[in-house]
Amino acid sequence: MKKTILAALAAAFSLTNCMAQDIKLPAPDMKQNSMSVVEALATRHSVREYSSRQLTNQELSNLCWAACGVSRDADHRTAPTAMNRKEIRLFAFTAKSVYEYIAEKNLLKEVAKGDYRSIHASNGVDPKTGRKGFSQEFVSQAPVVLMMVIDYDLFQSEGEKALMMGCVDAGNVSENINLYCQAVGMVTVPRATMDVKAIRELLDFTDKQLPIMNNPVGFPK
């Protein structure tokens, strides 16, 4: 009987460890030190080297909120979207896991375990030539890579117009990240290079979810 109980407890412990490890973020710090919007606009620049310093949960909360968090009320975000469809989904790739940022709950929901930052380093392998495309390995050194995804299900439409507006809205989120990082002493660069096929397979996306941009984020080297 004792062995049976111990086995059951061990199985339960193992199952718990396999479960998603979501991160409930602290509330974004609205009084953090930062330069003015005008100063951030005047000095913003792209950086492709990062120190080994990791972001704290507070810093992740501030960053994700600045990107597309809840703003003046629960129905609005810090980044505008066409018809307020909020079709841009934000994912954070870290050394440990991949998370989706759930703005309404200020939560990082784990969607894949493991380090997949390098999935943004290149466009993948050309199926015709078998060669790896353009590559930027520095992306794997950033503590976090924020990826923007257009979700046509949320936009409630598809086609050329939906793609155009989704690209504009993803750009809005990216620019929020760019300006926020400059204002608080972080560094980043907006990018379009990534292995979309591999990302879709990893996160079980359909054709209705399109990875469109990413921003590696860290601190100056």
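Residues numbered from 1 in each chain as written. Predicted model: local features only at pLDDT ≥ 70, side-chain atom pairs only at ≥ 80, totals over all residues. Heavy atoms only, no water.

Caption draft 1: Main features of the overall build of the protein. From N to C terminus, the protein includes six helices and seven strands. Reading the protein from its N terminus to its C terminus gives the helix and strand order α-β-α-α-β-β-β-β-α-α-β-α-β. In terms of overall size, the protein behaves like a compact globule, its C-alpha atoms giving a radius of gyration of 19 Å where 221 residues would be expected to give roughly 17 Å. Here the C-alpha coordinates of the protein stretch approximately 70 × 50 × 40 Å along the principal axes. Here the protein holds 221 residues, and the buried ones make up 44% of them. Taking as baseline every contact in the protein between residues at least 6 positions apart, the subset at least 24 positions apart corresponds to 72%. Positive and negative side-chain charges of the protein, numbering 26 and 24 respectively, have mean locations separated by a distance of 5 Å. (Helix = DSSP H or I, 4+ residues; strand = E, 2+ residues; numbered from the N terminus. Rg over C-alpha atoms; globule rule 2.2 N^0.38 Å. Buried < 20%, exposed > 50% of the residue type's maximum accessible area, 1.4 Å probe, protein only. Contact = heavy atoms within 4.5 Å. Lys, Arg positive; Asp, Glu negative; His and termini not counted. Charge placed at Lys NZ, Arg CZ, Asp CG, Glu CD.)

Caption draft 2: How the structure looks around the sheet that holds strand E1 (residues 23-24). Taken together, the seven strands give an open sheet; going across it, the order is E1-E4-E3-E2-E5-E7-E6, and neighbouring strands pair in antiparallel fashion. Edge positions in the sheet fall to E1 and strand E6 (187-188), since each has one partner strand and no second. Bridge analysis of strand E3 (residues 97-102) against strand E4 (residues 107-113) gives six bridges, and the strand direction is antiparallel. Pairing of Val-98 across the sheet is with Ala-112, part of E4. (Pairing = 2+ DSSP bridges.)

Caption draft 3: Molecular detail of the packing of aromatic side chains. In this structure the tally under the stated criterion is two aromatic pairs. Taking the centre distance of 5.6 Å and the plane angle of 70 degrees together, the rings of Phe-91 and Phe-205 count as edge-to-face. Of this pair, Phe-91 sits in strand E2 (residues 88-93) while Phe-205 is found in the loop between helix H6 (196-203) and strand E7 (209-218), placing the two residues 114 residues apart along the sequence. An identical accessibility class is assigned to Phe-91 and Phe-205; each is buried. Against the face of Phe-219 rests Arg-53, its NZ or CZ located 3.7 Å from the ring centre. The side chain of Arg-85 reaches across the aromatic face of Phe-155, ending 5.9 Å from its centre. (Phe/Tyr/Trp six-rings, centres within 6.5 Å; stacked < 30°, edge-to-face > 60°. Lys NZ or Arg CZ within 6 Å of the ring centre and 35° of its normal.)

Caption draft 4: Molecular detail of the nonpolar core. Membership of the largest hydrophobic core comes to 36 residues, with the highest contact counts inside it found for Leu-63, Leu-90, Leu-108, Leu-146, Met-148, Val-173 and Ile-177. Elements that contribute at least two residues to this core include exactly helix H3 (57-68), E2, E3, strand E5 (144-151), helix H4 (152-155), helix H5 (160-184) and E7. Among residues more than four places away in sequence, those in contact with Leu-63 are Leu-55, Val-144, Leu-146, Ile-177, Tyr-180, Cys-181 and Val-217. Core analysis: the next-biggest nonpolar cluster, separate from the first, contains 19 residues, Phe-138, Met-147, Ile-199 and Leu-203 among them. (Core = buried A, V, L, I, M, F, W, Y, C linked by side-chain atoms within 4.5 Å.)

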